[in-house]
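In case you want the letters, here they are:
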Amino acid sequence: MSTSVVAFLGMGLMGRPMAARLATAGFAPRVWNRTAAKAQALAGLGALPCASVAQAVQGAAIVVSMLEAGPAVRATIEAALPAMAPGTLWIDMSSTRHDEALDFHARLAAQGMRFLDAPVSGGEAGAEAGTLVIMAGGSLHDFNEAAPLFAVLGSAQLVGPGGSGQVAKLCNQLIVGATINVVAEALLLAQAAGADPAAVRAAIRGGFAGSRILEVHGQRMLDRNFVPGGQVKSQLKDLRNVLAAAGEAGLVLPLTAAAARSYELIEEELGGADHAAALLALERINPGQRVGDGPDKLP
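About the cut-offs
Residues numbered from 1 in each chain as written. Predicted model: local features only at pLDDT ≥ 70, side-chain atom pairs only at ≥ 80, totals over all residues. Heavy atoms only, no water. Helix = DSSP H or I, 4+ residues; strand = E, 2+ residues; numbered from the N terminus. Rg over C-alpha atoms; globule rule 2.2 N^0.38 Å. Buried < 20%, exposed > 50% of the residue type's maximum accessible area, 1.4 Å probe, protein only. Contact = heavy atoms within 4.5 Å. Arc of directions from axis to C-beta. Core = buried A, V, L, I, M, F, W, Y, C linked by side-chain atoms within 4.5 Å. Salt bridge = Lys/Arg side-chain N within 4 Å of Asp/Glu carboxyl O. Pairing = 2+ DSSP bridges. Axes fitted to C-alpha atoms, helices over the stretch in contact; angles between N-to-C directions. Parallel < 35°, antiparallel > 145°, perpendicular 65-115°, else oblique. Left-handed = near helix turned anticlockwise from the far one by under 90°. Nonpolar A, V, L, I, M, F, W, Y, C, P; charged D, E, K, R; others polar.

Chemist: Explain the overall build of the protein here, please?
Modeler: Helices and strands together make up the secondary structure of the protein, namely 14 helices and 9 strands. Relative to the 2.2 N^0.38 estimate, which gives 19 Å for 299 residues, the radius of gyration of the protein is 20 Å and therefore close to what a compact globule would have. Structurally, the protein occupies a C-alpha span of about 65 × 45 × 35 Å along its principal axes. Each of the 299 residues in the protein was classed as buried or not, and the buried ones make up 47%. The contacts of the protein with a sequence gap of at least 6 include a subset with a gap of at least 24, amounting to 66%.

Laid out in structure tokens, this is it:
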């Protein structure tokens, strides 16, 4: 439990269970969400719902944001700044572009405040269980100050200076997005070539090709369960951010580009589906081929 005042901004799929864990751990976070009812729902757990960003951050030593994307983080920082005291530590746990994280750091530092970019991996289930992987960029001093809060949410690693947390998250999402697509290709090939895709998955799970993604998303594909979890639109946003960072670094990442194109095929229709729906994108470019014969479970 911390005696510091903590504000938590954003009660979406990830933010709500994260703020709930902090509340039940005794942090009594001040919570805000654009849709006020989502913040109000945590009042029974010990959180303090606030009507405005300014009300949430006033007097807070630590501000945590978990928002949709960089533009939402930027707008929320600008709304919060007039009410924040110098020295406040802002921890952005959203997934943003690397250059956005650097801009947030500079904007807050110019006002005498501190910043950690600390995106997470583990999805809604990890947020609920407190098993998120947290990748933080910033100073060791600020990371140590945030450590008790991070411990309630999962396991944290300082990966470098400001902006490095978002780089680590982009690396994570590159691997996730590409591997989901590869698993979809493997299962569709097994089906089309006459093997039992479920048996093929079982056979290779314990070998060198085994992975958490084969375990979780492979089963989702076999079950044709595309209720999220992680969403197509979020995965595509992250892959586009990877490609933007690669462009800044002068790199060409062909597998990332291919994975992004796969999600673009279904973004408009199935943006809210689980990112295992990469299988549906693959089936669309292979007419007549389908993994299993069950109905699709969609949000």
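Chemist: Any chance you could explain helix α4 (residues 70-80) here in plain terms?
Modeler: One full turn of an α-helix is made of 3.6 residues, so residues set three or four places apart face in the same direction. Inspection of α4 places G70, V73, T76, I77 and A80 among the buried residues, and these make up the whole buried set. Along the long axis of α4, the arc covered by the buried residues comes to 125 degrees, so they all point the same way. At its buried positions, α4 is contacted by β1 (6-9), α3 (53-57), β4 (62-65), β5 (89-92) and α5 (98-110).

Chemist: Please clarify how the nonpolar core should be interpreted in this entry.
Modeler: The tendency in soluble globular proteins is for nonpolar side chains to be buried as a group. By size, the foremost hydrophobic cluster in this structure holds 33 residues, and its most contacted members are F8, M18, I91, M93, L149 and F150. Among the secondary structure elements, those contributing two or more residues to this core are β1, α1 (15-24), β4, β5, β8 (132-137) and α7 (140-153). With 6 residues, α7 is the largest single contributor of residues to this core. Grouped together as the second largest cluster of nonpolar side chains are 28 residues, M221, L222, V232 and L239 included.

Chemist: I keep staring at the environment of G272 and nothing clicks. Help me out?
Modeler: Summarising the element assignment, G272 is placed in the loop between α13 (267-270) and α14 (278-284). It is 8.2 Å that separates the C-alpha atoms of G272 and V227, two residues lying 45 residues apart in sequence. Residue contacts for G272: discarding those within four places in its chain leaves P228, Q231 and P299.

Chemist: Looking at this structure, how should I read the pattern of salt bridges?
Modeler: Side chains that carry opposite charge are capable of pairing whenever their charged atoms lie near each other. The final tally for this structure, using the stated rule, is 16 salt bridges. With its nearest N and O atoms 3.3 Å apart, the salt bridge here joins E100 to R97. Look at E100 and you get buried, because its relative accessible area is 4%. Looking at R97, the relative accessible area reads 29%, which means it is partly exposed. In this structure, R224 and D296 form a salt bridge, with 2.5 Å as the shortest nitrogen-oxygen distance. Of this pair, R224 sits in the loop between α10 (212-223) and α11 (232-248) while D296 sits in the segment after α14, and the two are 72 residues apart along the sequence. Accessibility expressed as a relative area gives 33% for D296, which makes it partly exposed. Sharing partners across several salt bridges, the network here consists of R224, E283, R290 and D296.

Chemist: Explain the pairing of β1 to me, please; I cannot follow it from the model alone.
Modeler: In regular strands, side chains alternate between the two faces of the sheet. On β1, burial covers both faces: V6 and F8 on one face and A7 and L9 on the other are all buried. With 4 bridges joining them, β1 and β4 adopt parallel strand pairing. Bridge pairing links F8 to V64 in β4. Looking at chain direction, β1 and strand β2 (residues 30-32) are connected through 3 bridges and run parallel. Looking at the pairing, F8 lines up with V31 of β2.

Chemist: When you look at the packing of helix α8 (residues 164-192) against α10 in this model, what are you seeing that I'm missing?
Modeler: Geometrically, a packed helix pair is captured by the angle between its two axes and the distance between the axes. Viewed as axis vectors pointing N to C, α8 and α10 meet at an angle of 50 degrees, and their least axial separation amounts to 10 Å. Considering their axes alone, α8 and α10 lie oblique with respect to each other. Seen along the crossing, α8 lies across α10 with a hand that is right-handed. Contacts between α8 and α10 involve I175, V176, T179, I180, V183, A184 and L187 from the first element and I213, L214, H217, G218, M221 and L222 from the second. Across the contact of α8 with α10, the residue classes break down as 10 nonpolar, 3 polar and no charged.

Chemist: Looking at this model, I keep getting lost on unusual backbone geometry. Mind explaining?
Modeler: With glycine set apart, most residues show a phi of negative sign, and most peptide bonds adopt trans. Looking along the chain, the bond that leaves P228 and enters G229 is cis, with omega of 20 degrees. Inspection of the secondary structure assignment puts G229 in the loop between α10 and α11. The phi dihedral of A28 is positive, around 50 degrees, even though this residue is not glycine. Relative to the assigned elements, A28 resides in the loop between α1 and β2.

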